[in-house]
Amino acid sequence: MQIFRHIPLSSAPAAIAIGNFDGMHLGHQALLRQLIAYAQTYRIVPAVMTFEPHPREFFVPQNAPARLASMREKLEYFAESGVQRVYVQRFSHAFAAQSPATFMQVLRQQLNANVVMVGEDFCFGAKRAGSVQTLIEHGFNVIPLPEVQLNGERVSSTLVRDALAAGEFAKAHTLLGRSYSISGTVVHGAKLGRQLGFPTANVHMRHERPALTGVYAVKLNGLPAVANLGVRPTLEGIPKLKLEVHVFDFSGDLYGQHVHVQFLHKLRDEMKFNGLDALKAQIAADVEQAKYYFLSGTPE
């Protein structure tokens, strides 16, 4: 799969899906299947244009939605789906100020879009002046995002975020077609977990606004574990979110490895304890509760 951080001057004829694709839920998967099928039928390139950062992160960062996936995670999903080209469009003041006509010119002349696949509420150009109807009126072959429903609700990134925030992991699993996960590289930390008797893998997250916080039963690269995702309120002066994972009965070296952490069951919210002894006792209880969860059966 080719990844372009800048729009090339010309491209082979393509079917292009445009969107944020946050989380790659069942609706996104249906769109990509349709994209691949169309491209194969007409022997053109299946391509995706996505944005970084999310437009709402750019315009109203304080009110932007929680991230379900980092750019690397999205690119991994695209590759697995059979997408051959990904255009990562940097969302900036200059891009946001483009007229709809300029954006359509890029689609037609530089990206050689044979067909454009977008959500029905897709808008583009300065002041969101362009719409699906605009594309159609200017001669583009537009295929709207297939609507996938679950129990009468339209599958969306917002629905996934709500399920994760509520600890409804079975629902999130259904919406995504898989367990929700966060991936990142294991980095060195303060080694406090070792001092407490529970060594942890500190997973560096690319996005600082995850869709969930708390203590969870998880799997790290398939290994049962317990994870804390939050600010560690018992430890003063550490306001930044951290993902720390204690893998049961594991003594290997994970430093530098890119790992996937699957979130399977919420154990509790983060809380502040009265000293390290109390924290250690609670971690021990969390570990036992997580082990019981895995013994009693898990979706993956």
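Everything that follows concerns the structure shown earlier in this document.
Residues numbered from 1 in each chain as written. Predicted model: local features only at pLDDT ≥ 70, side-chain atom pairs only at ≥ 80, totals over all residues. Heavy atoms only, no water.

S.K.: Tell me about the overall build of the chain, and name the residues and values.
M.R.: When helices and strands are tallied, the chain shows 10 helices and 16 strands. Oriented by its inertia axes, the alpha-carbon framework of the chain measures out at about 70 × 40 × 35 Å. When the 300 residues of the chain are sorted by exposure, 50% land in the buried category. For the chain, long-range pairs separated by at least 24 residues make up 74% of all intrachain contacts whose partners lie at least 6 apart in sequence. (Helix = DSSP H or I, 4+ residues; strand = E, 2+ residues; numbered from the N terminus. Buried < 20%, exposed > 50% of the residue type's maximum accessible area, 1.4 Å probe, protein only. Contact = heavy atoms within 4.5 Å.)

S.K.: Let's hear about the nonpolar core: which residues, and what values?
M.R.: Of all hydrophobic cores here, the largest spans 33 residues; its most connected members are Leu243, Val245 and Phe263. Taken together, the elements giving at least two residues each to this core come down to helix H7 (157-165), helix H8 (169-176), strand S11 (181-187), strand S12 (201-204), strand S13 (214-220), strand S14 (223-230), strand S15 (242-247) and strand S16 (258-268). If we skip the residues at most four places from it in the chain, Phe263 touches Phe169, Ser179, Tyr180, Ser181, Ile182, Leu212, Tyr216, Ala217, Val218, Leu229 and Leu243. (Core = buried A, V, L, I, M, F, W, Y, C linked by side-chain atoms within 4.5 Å.)

S.K.: Quick one: what's the story with helix H5 (residues 100-110), residue by residue and with numbers?
M.R.: By the burial criterion, the buried members of H5 are Pro100, Phe103, Met104, Val106 and Leu107. Considered in projection along H5, the buried side chains sweep an arc of 150° and stay on one side of the axis. One or two positions beyond H5, positive phi appears at Asn112, with a value near 55°. (Arc of directions from axis to C-beta.)

S.K.: Requested: an account of unusual backbone geometry, with residues and values cited.
M.R.: Residue Pro53 follows Glu52 across a cis peptide bond; omega there is 0°. Tracing the chain through its elements places Pro53 in the loop between strand S3 (45-52) and helix H2 (55-59).

S.K.: Tell me what's going on with the sheet that holds S3, and back it up with residues and numbers.
M.R.: Read from one edge to the other, the open sheet built from six strands follows the order S1-S4-S3-S2-S5-S8, with strand pairing classed as parallel. Both outer strands of the open sheet, strand S1 (2-4) and strand S8 (142-144), are each paired with one neighbouring strand and no more. Between one strand axis and the next, the sheet turns through 20° on average, direction left out of account. Two elements, strand S2 (residues 14-18) and S3, share five bridges in a ladder whose sense is parallel. If you follow Ile18 over to S3, its bridge partner there is Met49. Sheet strands touched by helix H3 (residues 71-81): S1, S3 and strand S4 (85-90). Its angle to S3, the strand with the most contacts, is close to 170°. (Pairing = 2+ DSSP bridges. Axes fitted to C-alpha atoms, helices over the stretch in contact; angles between N-to-C directions.)

S.K.: Lay out the pattern of salt bridges with the relevant residues and their values.
M.R.: Evaluation of the coordinates by the stated rule reveals six salt bridges. Across the pair Arg72 and Glu76 runs a salt bridge, and its minimum N-O distance is 3.4 Å. With Arg72 and Glu76 both in helix H3, this residue pair falls four residues apart, about one helical turn. For the salt bridge of Lys171 with Glu153, the shortest nitrogen-to-oxygen distance reads 3.2 Å. A residue pair is termed long-range when its members are at least 10 positions apart, and Lys171 in helix H8 and Glu153 in strand S10 (residues 153-154) qualify at 18 residues. In this structure Lys171 comes out as partly exposed when scored by relative accessible area, which is 26%. (Salt bridge = Lys/Arg side-chain N within 4 Å of Asp/Glu carboxyl O.)

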